[in-house]
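Descriptive analysis of the structure
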Amino acid sequence: MKKSILIVIVLFIGSISRAQEKTITGTISDATGPLPGVSVVVKSTKKGTQTDFYGNYSILASKADTLVFSYIGFKTREVLVGDAKVINLLLEQDSSQLDEVIVVGHGISTKRSITASVTQVSEKKSKRQAYHDKLSRQLQGKAAGVQITAASGLVGNGTTVKIRGIASVKQGKEPLYIVDGVPIEKYKNAVIAKISPDKIEKVNVYKSARARKLFGNIAKDGCVVITTKSGKYRVEEDENYAAITENQFQKVQLQPLSTFSIDVDKASYSNIRRMINKGQKIDVDAVKIEEMVNYFGYDYPQPKHHPFSINAEVSQTPWNKNTRLVRIGLQGKTYENHTLPASNLTFLIDVSGSMDSPNKLPLLKSAFKLLVNQLREKDRVSIVVYAGAAGVVLEPTSGMDKEKILDALDRLSAGGSTAGGAGIKLAYKLAQDHFIKGGNNRVILATDGDFNVGASSDKAMQKLIEEKRKSGVFLSVLGFGMGNYKDSKLETLADKGNGNHAYIDTMQEAQKVFGKEFGGTLYTIAKDVKIQLEFNPAKVQAYRLIGYENRLLADEDFIDDTKDAGELGSGHTVTALYEIIAPGVNSDYVKKTADLKYTTLENNTGFSDELFTVKFRYKKPDGDKSIELVQVVTDRTTEMSPDFKFASAVALFGMQLRKSQFTNNSAQDDVITLAEAGRGRDKLGYRAEFIRLVKTSKGSL
């Protein structure tokens, strides 16, 4: 009787405890940070949940309940709820679990996967079965990208390991691939699948815990190590660059006008620097000479009456005694940060799976922190992210609340496909909803450019951005990463979005973009800036614009205010170089043309001392009507200034990288000599770095 009463009392107390359920929340992490996908279960029940993107969870449980926390590769933890409302845990790795699968006797599937037979030598069938059971339990659906299947249920008799392709990867998780010791960017399994089966020696599959220990956090979803028979296999890079056709010499009598949009983008130089430092072959279309030249600052005077000053210089061409070199330089007015208008900034950050490598999202977050630390109370920051879908992770927040902004950045992690179009739409909407009249309204897009969901083609993106720029919101585009860097898309976005494009490969470059050039990166002082030169045929037989191939405009576009052109930021400099040939000079670069029947070509002799006239048109940042400036340059050749020498050295190096026909067989030593002569004070060491870069590449072009 007493025992029955005791049982009733225990059951009664238990029912009361269960009835008093409460919400338990917390964050689950390991030594490297938050863990998404951790299983959280109320013990002895079917009630459970998983940690989210940031390692957070929420579950209903009573005081008497025990929560069980489990994650493949880590020790399971059990915690009594008690009076706690928040339970945070740091899980420890479990080294006792299976860490590695050796894969041999393999083949390549046609569905972006690698299929291989796993041979287990064993004396007894029961041992083979036990091994298979253990393998299945620990890897099936657990180590991302790994799936165990068996035709007969026995390892060594039809069992295969499938390293799944993009189509079968869930939640953006995919193992790191290493081929003959070289890490391959995530989402490159489509490329890896092209490896011929007869070239593979073996494949090692490491699950997440072991992979992390061996290769770091980049291998948090497991690692596949492929060894080929030659040991020298290299997966080709999949970077995209818009095709460039080098500018040719134009005869002045047939084409006296040269018209182009300014370009303050500098991405090409830092991108090429990355390639040279990696010993990578340089795609000629990655070389944009104007962006290389404009990467460096030059000592042009500050303007007095307009947003920029105009400067011109003519000297002997260093690499060709039969031509002269013209330098046109613009200097944007420099404003102190505290005098700049309030900013409404929307960070649009790519957190897709392709961003999950150290030189992408982690570098991106560190770079943005440099920007955040310079914000003022009147500035506002919002953060939009996109992967498989787009979402707002930070509503507009004052620049004084830096901890909140930095915390939002710290919580970002990568995974999923790349819905770039949806992200752009959401970011512009947020920027428009909080538009500051007379302020700096700007979306700052940071990505590797690998859009693969929604609007993704260059043409579709161009149309989208052209529509969005009508809102008065400007766009800055920051490129990160390598291997699948999509320069062509990012250049299109920046050009059509009234903004600029930079490539960040190191924290030093981030400091240059967000530190030294903070104002130029964020604050536009003149938009739709166009340049048009008219050469005097009495003084110039032919001319060639060096670079700017993707910025050329039709001559009639110069006075057409509906035609888009480049923007100039606070403190920005813009340099353009022309190589010119005087009348009477015989040159293979000047092609003969047939005589004209209906047109008479006669030179106007009334301007005998003028070499050319240069015109500029620009609009104020919030204006719709252009303002025109005109400057005449007389026919006077001077000794090259140090700045002119250095700009010429950079241009010549770019021509060499592009295998240009106009280098006149100049050598890399010529570049070094010219750059040394133009090094000048070089306070920040950028010119010295260029000289080292040329020396590094010497003999490899």
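Reading guide: rules and limits
Residues numbered from 1 in each chain as written. Predicted model: local features only at pLDDT ≥ 70, side-chain atom pairs only at ≥ 80, totals over all residues. Heavy atoms only, no water. Helix = DSSP H or I, 4+ residues; strand = E, 2+ residues; numbered from the N terminus. Buried < 20%, exposed > 50% of the residue type's maximum accessible area, 1.4 Å probe, protein only. Contact = heavy atoms within 4.5 Å. Pairing = 2+ DSSP bridges. Axes fitted to C-alpha atoms, helices over the stretch in contact; angles between N-to-C directions. Salt bridge = Lys/Arg side-chain N within 4 Å of Asp/Glu carboxyl O. Expected span 1.5 Å × (residues − 1). pLDDT = per-residue confidence, 0-100. Phe/Tyr/Trp six-rings, centres within 6.5 Å; stacked < 30°, edge-to-face > 60°.

**Thoughts on the overall build of the protein chain**
A count of helical and extended segments in the protein chain gives 16 helices and 33 strands. Out of the 701 residues belonging to the protein chain, those deemed buried represent 54%. When contacts within the protein chain are restricted to residue pairs at least 6 apart in sequence, those whose partners lie at least 24 apart make up 74%.

**Thoughts on the sheet that holds strand β3 (residues 39-42)**
Taken in spatial order, the 4 strands make up an open sheet running β4-β3-β6-β7, and their pairing is antiparallel. One side of each edge strand has no neighbouring strand; the edge strands of this open sheet are β4 (48-50) and β7 (77-80). Within this sheet the neighbouring strands show an average axis-to-axis angle of 20 degrees, counted without direction. Two elements, β3 and strand β6 (residues 66-70), share 4 bridges in a ladder whose sense is antiparallel. Its bridge partner lying in β6, Val41 is registered against Val68.

**Points about the pattern of salt bridges**
For side chains of opposite charge, pairing can occur when their charged atoms come near one another. For the structure on display, the rule yields 32 salt bridges. For Glu517, the salt bridge goes to Lys512, with nearest N and O atoms at 2.6 Å. Take Glu517 and Lys512: they sit in the same class, and that class is buried. For the salt bridge of Asp669 with Lys698, the shortest nitrogen-to-oxygen distance reads 2.6 Å. In this pair, Asp669 sits in helix α15 (residues 668-677) while Lys698 sits in the segment after α16 (686-697), placing the two residues 29 residues apart along the sequence. By relative accessible area, Asp669 is classed as partly exposed at 38%. Salt bridges sharing partners connect three or more residues here, namely Asp263, Asp265, Asp495 and Arg551.

**Topic: unusual backbone geometry**
In terms of backbone geometry, most residues other than glycine have negative phi values and most peptide bonds are trans. The residue Asn664 is not glycine, and still its phi comes out positive at about 60 degrees. Within the secondary structure, Asn664 is located in the loop between α14 (642-657) and α15. Given the relative accessible area of 39%, Asn664 is considered partly exposed. Of note in the backbone geometry, Asn665 takes a positive phi value of approximately 60 degrees without being a glycine. Mapped onto the elements of the fold, Asn665 is located in the loop between α14 and α15. Residue Asn665 is classed as exposed on the basis of its relative accessible area, which comes to 77%.

**Regarding α14**
The terminal C-alpha atoms of α14, which comprises 16 residues, lie 23 Å apart, in line with the 22 Å expected from a rise of 1.5 Å per residue. Following α14 by one or two positions, Lys659 adopts a phi angle in the positive range, close to 60 degrees.

**So, the sheet that holds strand β23 (residues 380-386)**
In space, the 6 strands of this open sheet follow the order β24-β23-β22-β25-β26-β27, with mixed pairing throughout. Whereas interior strands pair on both sides, the edge strands pair on one side only; in this sheet they are β24 (390-398) and β27 (500-503). Shown here is a sheet whose adjacent strand axes are inclined to one another by a mean of 15 degrees, direction ignored. Of the pairings in the sheet, the one linking β23 to β24 comprises 6 bridges and is antiparallel in character. Each bridged residue has a counterpart across the sheet, and for Val384 the counterpart in β24 is Val392. Each of β22 (343-350), β23 and β24 is contacted by helix α8 (residues 402-410), which is oriented at about 160 degrees to β24, the strand it contacts most. Seen against the sheet, helix α11 (residues 487-496) touches β25 (440-447), β26 (474-479) and β27 and runs at an angle of roughly 160 degrees to β26.

**Remarks on the confidence of the model for the protein chain**
Scored by pLDDT, the protein chain comes out at a mean of 80, with 78% of its residues at no less than 70. Across residues 97-172, where pLDDT falls below 50, the model places 163 contacts with residues more than four positions away in sequence or in other chains.

**A few points about the packing of aromatic side chains**
Evaluated as defined, the whole model comprises 24 aromatic pairs. Seen in terms of ring centroids, Tyr269 and Phe690 are 6.4 Å apart; in terms of plane orientation they differ by 35 degrees. Their pairing is tilted. With Tyr269 in helix α5 (residues 267-278) and Phe690 in helix α16, the pair connects residues that are 421 residues apart, well separated along the chain. The pair Tyr269 / Phe690 is uniform in exposure class, with both members buried. Seen from their ring centres, Phe535 and Tyr578 are 5.5 Å apart, and the 70 degrees between their planes marks the pair as edge-to-face.

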